[in-house]
Structure formats: C-alpha cells, structure tokens
Amino acid sequence: MTDVPEVVNRIGEYLRDENIKLSKQVLLKVVVYTVHTETADQSGIDWNVIFKSLSGKYGIHVANAFNAGSNLANGGFEILPTATGRASQWAGSQFLLKALSEQVKVSDVKTLSIMTTNLATAGMQIGKQTTYLHKTSVTTGNTTTGAEPVQSLEPGEITTGTNINIMPKILEGNDKMMLTMMMDISSLNRLRRIENRNKTESIEAPDTDSRSIPQRVWLKPGETVLMSGFEQNIQDGSQRGVGSSRHFLFGGGMSGKSKKESFVITITPLLR
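Here the structure is a predicted model, which means the values were calculated and not measured.

Enquirer: Looking at this structure, how should I read the sheet that holds strand 5 (residues 150-170)?
Expert: Backbone-to-backbone hydrogen bonds pair the strands of a sheet. The strands run either parallel or antiparallel. Taken in spatial order, the four strands line up as 4-5-6-7 in an open sheet, and their pairing is antiparallel. In this open sheet, the two edge strands, each paired with only one partner strand, are strand 4 (122-139) and strand 7 (202-219). Across the sheet, the mean angle separating the axes of adjacent strands is 15° when strand polarity is ignored. By the bridge criterion, ten bridges tie strand 5 to strand 6 (residues 177-195) in an arrangement that is antiparallel. Pairing of proline 168 across the sheet is with leucine 179, part of strand 6.

Structure follows, in structure tokens:
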C-alpha cells in the first residue's frame, strides 16, 4: 500500500504483531478415561471425593470449588490449575487417573498430544471402524454349462468414536488463552440383521447414536480442562464393540444390567 510514512509504519507494526501472535505454538495434551460404575449407584462418580483426594495428596485444587461436582455430573467442565510441589506440569491429568482409580474402575485410557498454532484449529479422532454385511447379490447360473448360482457378499464400514476440534486463542502477554472446543461423539448400539421375505438372504444394518457438544473456556497455559457427565447404562444383550466391549467411545456394550459406563476428558494446553 502507499500512504504517508506514519500510516505505513503503524500498519507495518500491526502486521508484525499479528504474525508474532499467529506463530505462537500450542501443545495440547488430551486424555480420555473410560470408567465403570454400578447402575445402582445413582451418584456415579463422586467428584467431591475425587477433588478432596487431588487437594490432600497432590496439592491440586479445582478453580471453582463451588458446586463443582454438580457441574461435572451434568455434562459441564471444571479447571484444574497448574499444581506445585510434588506435582509435575501434567499434574492436572496425571494425578486424576490415580484419584479416579481409588473410587471407580478405569478400564481404558487414551492419551494424545497435538501441536497447533494460535487461532488454528486442531482436530483429533479416537475411534474404530466396524465392518458389516452391507449387501448380498446372486449371479444367475448358466443352465447350458451347468454352472451354479454364485452368491456375493459386499462389506460396508462404519466409523464410530469421538472427534474433537480445538482452537486456542492466546491473549497478549501469554498469560491466558481461550479454548473453543467441539466434540462429536458417536457410538454403535448394535448391528441389526434384516432378512428378505423368504429368509434366504440377509444384510446387517448399523444402529448408531451421535451428539455434538460445544464448549468454550478461559484458562491459563498449563491448567487442565476437566469434562465429564457423559454416560450410558449397559443392559441386556451379548457383548459387542470394536476392539473391546468395554469401549463406550467405540460403540461397546456388555450383557447384564448392573453396569454403567461413562468417560472423562481432560485437555491441557502448553505454550511452546
């Protein structure tokens, strides 16, 4: 552009500041815990007990102590500030596993580290593919040559799990950032068998559930966002699921009526 030197200099300084902001790197550590509790236990995970354990043993305190357990039980989020003393930089998620394991059965833990830049969306997927019988067809036999009819099976594939998109926005001074998160969660309920009228051929039809959960939170680099409140009852039927019937994120389920599965997600951003 062409203008007087004062205006050109101001625009140049603005562009330099913007380039510095956009080039800042953010490391996101995402941990997904799958836990089991008894269906008869109406309270599920007792977050007040877990927060007391985190505070007393590891020096980690929830940022908003008021009504924190109720918020998490209803699908909300809380922030675990950066711990000091014996706790490391990953304390918000590292010691949460120990506190959870003291109260419930943690059946699966997935950990992913994602590198992104300021105002750039980072995506991740925790999921599996399930193969099913999508289509059947029969090739008519040749009566002249005596060739018999041939049946062909065409497989289909469905992907279920959790997609998480996270966009960090760093404020000037690097002392605070905003995380905008969108989680798309899908699970496989069952594969239904569909037969023709004569019951000579059949296909499989997947039944799935899905939900989208938007979240936006302000926090300091090194603090941990803790999200919970997503669960399902495990009722009648045989075991099903991808990899393991215990994986709720992967569409799993188990026989019986006494179990409940839920998952907890933590996200810890660090500046690089």
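From this point on, the discussion continues.
Enquirer: How do you make sense of the pattern of salt bridges when you look at a structure like this?
Expert: Proximity of charged atoms lets side chains of opposite charge pair with each other. Scanning the entire structure with this criterion turns up three salt bridges. Of the charged contacts in the structure, one is a salt bridge between arginine 192 and aspartate 207, with a shortest N-O distance of 3.0 Å. Within this pair, whereas arginine 192 is found in strand 6, its partner aspartate 207 is found in strand 7, the two being separated by 15 residues in sequence. The exposure class of arginine 192 is partly exposed, given its relative accessible area of 30%. Measuring nitrogen to oxygen at the nearest pair gives 3.5 Å for the salt bridge that ties glutamate 195 to arginine 193. Glutamate 195 sits in the partly exposed class, given a relative accessible area of 37%. With a relative accessible area of 61%, arginine 193 lands in the exposed category. Residues joined by salt bridges that share partners form a network here, namely Arg190, Arg192 and Asp207.

Conventions we followed
Residues numbered from 1 in each chain as written. Predicted model: local features only at pLDDT ≥ 70, side-chain atom pairs only at ≥ 80, totals over all residues. Heavy atoms only, no water. Pairing = 2+ DSSP bridges. Helix = DSSP H or I, 4+ residues; strand = E, 2+ residues; numbered from the N terminus. Axes fitted to C-alpha atoms, helices over the stretch in contact; angles between N-to-C directions. Salt bridge = Lys/Arg side-chain N within 4 Å of Asp/Glu carboxyl O. Buried < 20%, exposed > 50% of the residue type's maximum accessible area, 1.4 Å probe, protein only.

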